[in-house]
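Descriptive analysis of the structure
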Amino acid sequence: MEKRALVTGASRGIGAAIALKLAEEGWDLVLTARNREKLTEIGEACKQRGATVTLILADISNEASVQSLFTEAGAIDLLVNNAGIGIFGELTEMALEDWRDVHRINVEGTFLCLREAMRGMKQRKGGRIINISSVVGVKGYPSQGAYGASKHALLGLTKTAIEEGRDANIRIHAICPGGVATEMIKQSRPDLTDFSAMIQPEDVAEAVDYLCRLPANITVDVIHRRRAASDQTW
Ligand code: NDP
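Residues numbered from 1 in each chain as written. Predicted model: local features only at pLDDT ≥ 70, side-chain atom pairs only at ≥ 80, totals over all residues. Heavy atoms only, no water.

**A word on the overall build of the protein**
Within the protein, the regular secondary structure consists of 7 helices and 7 strands. Taken over C-alpha atoms, the radius of gyration comes to 17 Å for the protein, in line with the 17 Å a tight globule of 234 residues would show. For the protein, the C-alpha atoms occupy an extent of roughly 45 × 35 × 35 Å along the three principal directions. Relative to its full complement of 234 residues, the protein shows a buried share of 53%. Intrachain contacts of the protein at a sequence separation of at least 6 include 68% that bridge at least 24 residues. When the accessible surface of the protein is split by element, carbon and sulfur atoms take 49% of a total near 11200 Å². Averaging the positions of the 28 positive and the 30 negative side-chain charges in the protein gives two centres separated by 4 Å. (Helix = DSSP H or I, 4+ residues; strand = E, 2+ residues; numbered from the N terminus. Rg over C-alpha atoms; globule rule 2.2 N^0.38 Å. Buried < 20%, exposed > 50% of the residue type's maximum accessible area, 1.4 Å probe, protein only. Contact = heavy atoms within 4.5 Å. Areas by Shrake-Rupley, 256 points an atom, 1.4 Å probe, with all protein chains shown as cover. Lys, Arg positive; Asp, Glu negative; His and termini not counted. Charge placed at Lys NZ, Arg CZ, Asp CG, Glu CD.)

This is how it looks when you write it as C-alpha cells:
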C-alpha cells in the first residue's frame, strides 16, 4: 500500500501543487527544495490538509546532498522528480556553463534522485517514480535548446528505468506538460501576458494522482498534457 511520497521542487509552481494534491489524497509527505521559506509555507498548507510533513532542504544536483536527503527521508513509496530549471536562449548565444547548469540539475539531479529511490524500492520490492519532463521533451522550440535536450534526456532515462524497475514492481512514468502557468513560463515566454487559459499546476497534479490510482496490473509510460486550444502548439 503506497503512503509516503517525496516531491522535489515542492517550494513553488508545479511541485507545490503536486504536494497539496497528495496531501489531500492522504499521503505522508517529504518535501524538498533549496528555499527554506517557501518550502515551509507549502509544508504548512499541506499540514492544514491533514498530511504529516517532513521538510528537507537539498540541492538535487549535488550527490552528497541527494544521498543525505534520501537517508533522512527513509522509506519512500512514491518519488515525484519535479525539480528543474530553464535557461533560455538561441543555441548560437548559449554559454557552455548555462548548458551544463541545465543538465546538471534537470538530468543529473533527476538521475541522482531516481537512483536513490530505486535502490530503496528494489529492496522493498515496490514503488512508483514520476519524472516531470515536458512537451519540450518531444518537440523542438526556438530558444529552448538546452532545456529541450535535458527534457528529451529525461524521457530516455524514464524508458530505461521502466525496464529496470519492472521485475521489482517499481512503476515509473513521465509526464510531459505543455506550458504551465508558473514562474518558469514567464522566463521562457516573456511575450505571453495572459496565463489564465494556460495549463495550471493543478492540472499536472491531477495527472500525478491519476498515475497513483492505476490498478496494479496496468501502467502508463508517458502522459502528455497539452492545451486544447487550436491557436497554440505548446
Ligand atoms: P518553477 O521554477 O516554478 O519551480 C522549480 C522548482 O524546482 C522549485 O521548487 C525550485 O526550488 C526547484 N529546484 C530548482 N533547482 C533545484 C535544485 N538544484 N535542487 C533542488 N530543487 C531545485 O518551475 P515549474 O513549477 O514551472 O516546473 C517544475 C517542473 O516542471 C520542472 O522540471 C519543469 O521543467 C517542468 N515543466 C514546467 C513547465 C512550465 O511551463 N512551467 C512545462 C513542462 C514541464 P528552489 O529554488 O527552492 O530550490
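**Observations regarding the packing of helix α4 (residues 96–124) against helix α5 (residues 145–166)**
Two quantities define a packed helix pair, namely the angle between the helix axes and the distance between the axes. Between α4 and α5, whose axes approach to 9 Å, the crossing angle comes to 15°. Taken together, the axis directions place α4 and α5 in an arrangement best described as roughly parallel. Crossing of α4 over α5 shows right-handed handedness. On α5, the residues touching Trp99, Val102, His103, Asn106, Val107, Thr110, Phe111, Leu114, Met118 and Lys122 of α4 are Gly145, Ala146, Tyr147, Ala149, Ser150, Lys151, Ala153, Leu154, Leu157, Ala161, Glu164 and Gly165. Per-class residue counts for the contact of α4 with α5 are 13 nonpolar, 6 polar and 3 charged. (Axes fitted to C-alpha atoms, helices over the stretch in contact; angles between N-to-C directions. Parallel < 35°, antiparallel > 145°, perpendicular 65-115°, else oblique. Left-handed = near helix turned anticlockwise from the far one by under 90°. Nonpolar A, V, L, I, M, F, W, Y, C, P; charged D, E, K, R; others polar.)

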